[in-house]
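# Survey of secondary and tertiary structure
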Amino acid sequence: VLSCVTIFVLWCSGVRAKQCMEEARGHVATMIDAKSSDIVFTSGCTEANNMVIHSCVTHHRRVMKQEGTPGSLPHIVTSNLEHGSVLGTVKRLMDDEEIELTVVKANPSCGHVLVEDVIGAIKPNTILVSIMLANNETGVIQPVKEISSALAVLKREQKRKYPFLHVDSAQACGKIPVSISEFDVDFLSIAAQKLYGPRVGALYVRGLESKVVPLYPFIIGVGQERGFRSGTENTAYIAGMGKACELVYNNLNVYHQHMKEMRDYLEEQLSEHFGDSVHFNAKFPGVERIPNTCNVSMIGDQLQGWRVLSNLQHCMASTGAACHSKCAKPSETLLCSGVPEDIARNSIRISLGRDTSKEDIDVFIADLKQAVDKTLKS
């Protein structure tokens, strides 16, 4: 009897865990205006981005084999602003002679790619276009909606099925509205930790179960996540992601408005206290940014970002470059965005949150002032 009771309890617990995951899947889908059946949970955005790229390469290979042209390589279009999980992956595939690659350069006058440059890079064998929604260093929003519309026109006029469109929305979700119905993308990657959730992720795939858009397993095992992503599910983290997405769906307008007000106040205070000694690295005229990111440089030969940050006493920020050690290597993203090299070396990325107050910003300004003074004296 005890064995039967134990089995029943375990079975009930398993059912509840499954219910928690499906509830979370629903909250993720609702946040981006999608169907829950089109959501696959992953370990994070890096895995989701890799899944998309490798799936498209695999799909091209299988289609070409069916058509009798197995030697044809797939072509991928991306930008020089992308996260390393996209740029690093496609460059590795190119080096291994598995794909052809075009990296579209950002326009230095606006800090984002131009629609015509992306569309102009498409070839007959292009299988995927991968463009992030918002840049993680500058906060600049890419013209994804316009790229999607132009891509739809191209495919309709040329009567072609490809390329697919993938959007990395890691930095955008939780800060600005992200709607599948508005962007009309084939793949969309989401990172829970970027919207106050635990370190887990999800991937949207259009028409996943009806195979409108192909997704091939990147991790092979016993077939969790309907066979698309093997590995025991991190139920607690997935539940946490679901709650985070639910909060975003219910409160995004409040979150967005508060962060924007605080970001604007921060930039006003930086201008007031530092004058011509501060350079804003991503304030392009007429260009939209996510509301929580401010990228600046303090002007001066000794004021490299890492030096200034090392002298902060109460606050934390990051340099624009991925390297957080004592190096003066400028951020590639800033250089691609038209920021001069001597200014890019001094970059500081300041992030604001849902609870950041004007008092917090005043403390940061005072801390930054003493850090700059100390750096100049050292």
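This write-up is about the structure you can find in this document. Quick caveat: nothing in here was measured; it's all calculated off a predicted structure.

On the surface, a cluster of negative charge is made up of Asp-355, Glu-359, Asp-360 and Asp-362. Within the secondary structure, Glu-359 sits in helix α11 (residues 358-377).

In the structure shown here, the tally under the stated rule is 16 salt bridges. Where Asp-264 meets Arg-263, a salt bridge forms, and the shortest distance between an N and an O atom there is 3.2 Å. Overall, the relative accessible area of 25% leaves Asp-264 in the partly exposed class. Judged by relative accessible area, Arg-263 falls into the buried class, the value being 6%. Taking the shortest distance from any N to any O, the salt bridge between Arg-345 and Glu-341 comes out at 2.4 Å.

Turning our eyes to something else, we now look at the sheet that holds strand β10 (residues 347-351). Taken in spatial order, the 3 strands line up as β8-β9-β10 in an open sheet, and their pairing is antiparallel. In this open sheet, the two edge strands, each paired with only one partner strand, are β8 (278-280) and β10. Here the strands of the sheet are splayed against their neighbours by 35° on average, with no regard to which way each runs. Of the strand pairs in this sheet, β8 and strand β9 (residues 293-298) are connected by 3 bridges, and their pairing is antiparallel. Within β9, the residue paired with Phe-280 across the bridge is Val-296.

With that settled, the discussion passes to helix α3 (residues 84-95). Its 12 residues give α3 an end-to-end C-alpha distance of 15 Å, which sits within 8% of 16 Å, the value for a rise of 1.5 Å per residue. The elements touched by buried residues of α3 are α2 (45-66), β2 (75-79), β3 (100-104), β4 (126-132) and β5 (164-168). A positive phi of about 60° marks Glu-97, the residue just after α3.

Here we come to the packing of aromatic side chains. When we look at a pair of aromatic rings, we describe it by the centre distance and by the angle of the planes. Overall, the coordinates contain 2 aromatic pairs when judged by the stated rule. Measuring from ring centre to ring centre gives 5.1 Å for Tyr-162 and Phe-164, while their planes differ by 70°; the resulting arrangement is edge-to-face. When the ring of Phe-164 is compared with that of Phe-187, the centres are 6.1 Å apart and the planes differ by 80°; the resulting orientation is edge-to-face. With a gap of 23 residues between them, Phe-164 in strand β5 and Phe-187 in strand β6 (residues 187-191) connect regions that are remote in the sequence. Among the aromatic residues, those joined into a ring-pair cluster are Tyr-162, Phe-164 and Phe-187. Taking the ring centre of Phe-280 as reference, the NZ or CZ of Lys-283 above it sits at 4.9 Å. Over the ring of Tyr-255 we find Arg-354, and its NZ or CZ is 3.9 Å from the ring centre.

On to the nonpolar core. With 48 residues, the main nonpolar core has Ile-32, Leu-133, Val-178, Val-185, Leu-188, Ile-190 and Met-241 as its most contacted residues. It is helix α7 (residues 235-274) that provides the largest number of residues to this core, a total of 6 residues. With residues up to four places along the chain from it excluded, the contact list for Val-185 reads Val-144, Leu-165, Val-167, Ile-180, Tyr-204 and Arg-206. Of all hydrophobic cores here, the second largest spans 26 residues; its members include Ala-48, Ile-53, Met-64 and Val-90.

A regular strand places its side chains so that they alternate between the two faces of the sheet. As paired strands, β2 and β3 are joined by 5 bridges and run parallel to one another. Residue pairing in the sheet places Thr-78 in a bridge with Val-103 of β3. Tracing the backbone out of β2, into α3 and back to the parallel element β3 gives a crossover that is right-handed.

Rules of the game
Residues numbered from 1 in each chain as written. Predicted model: local features only at pLDDT ≥ 70, side-chain atom pairs only at ≥ 80, totals over all residues. Heavy atoms only, no water. Patch = residues over 30% accessible without salt bridge, like charges linked within 9 Å, V, L, I, M, F, W, Y side chains within 5 Å. Areas by Shrake-Rupley, 256 points an atom, 1.4 Å probe, with all protein chains shown as cover. Salt bridge = Lys/Arg side-chain N within 4 Å of Asp/Glu carboxyl O. Lys, Arg positive; Asp, Glu negative; His and termini not counted. Charge placed at Lys NZ, Arg CZ, Asp CG, Glu CD. Helix = DSSP H or I, 4+ residues; strand = E, 2+ residues; numbered from the N terminus. Buried < 20%, exposed > 50% of the residue type's maximum accessible area, 1.4 Å probe, protein only. Pairing = 2+ DSSP bridges. Axes fitted to C-alpha atoms, helices over the stretch in contact; angles between N-to-C directions. Expected span 1.5 Å × (residues − 1). Contact = heavy atoms within 4.5 Å. Phe/Tyr/Trp six-rings, centres within 6.5 Å; stacked < 30°, edge-to-face > 60°. Lys NZ or Arg CZ within 6 Å of the ring centre and 35° of its normal. Core = buried A, V, L, I, M, F, W, Y, C linked by side-chain atoms within 4.5 Å. Right-handed = clockwise from strand over helix to strand, strands pointing away.

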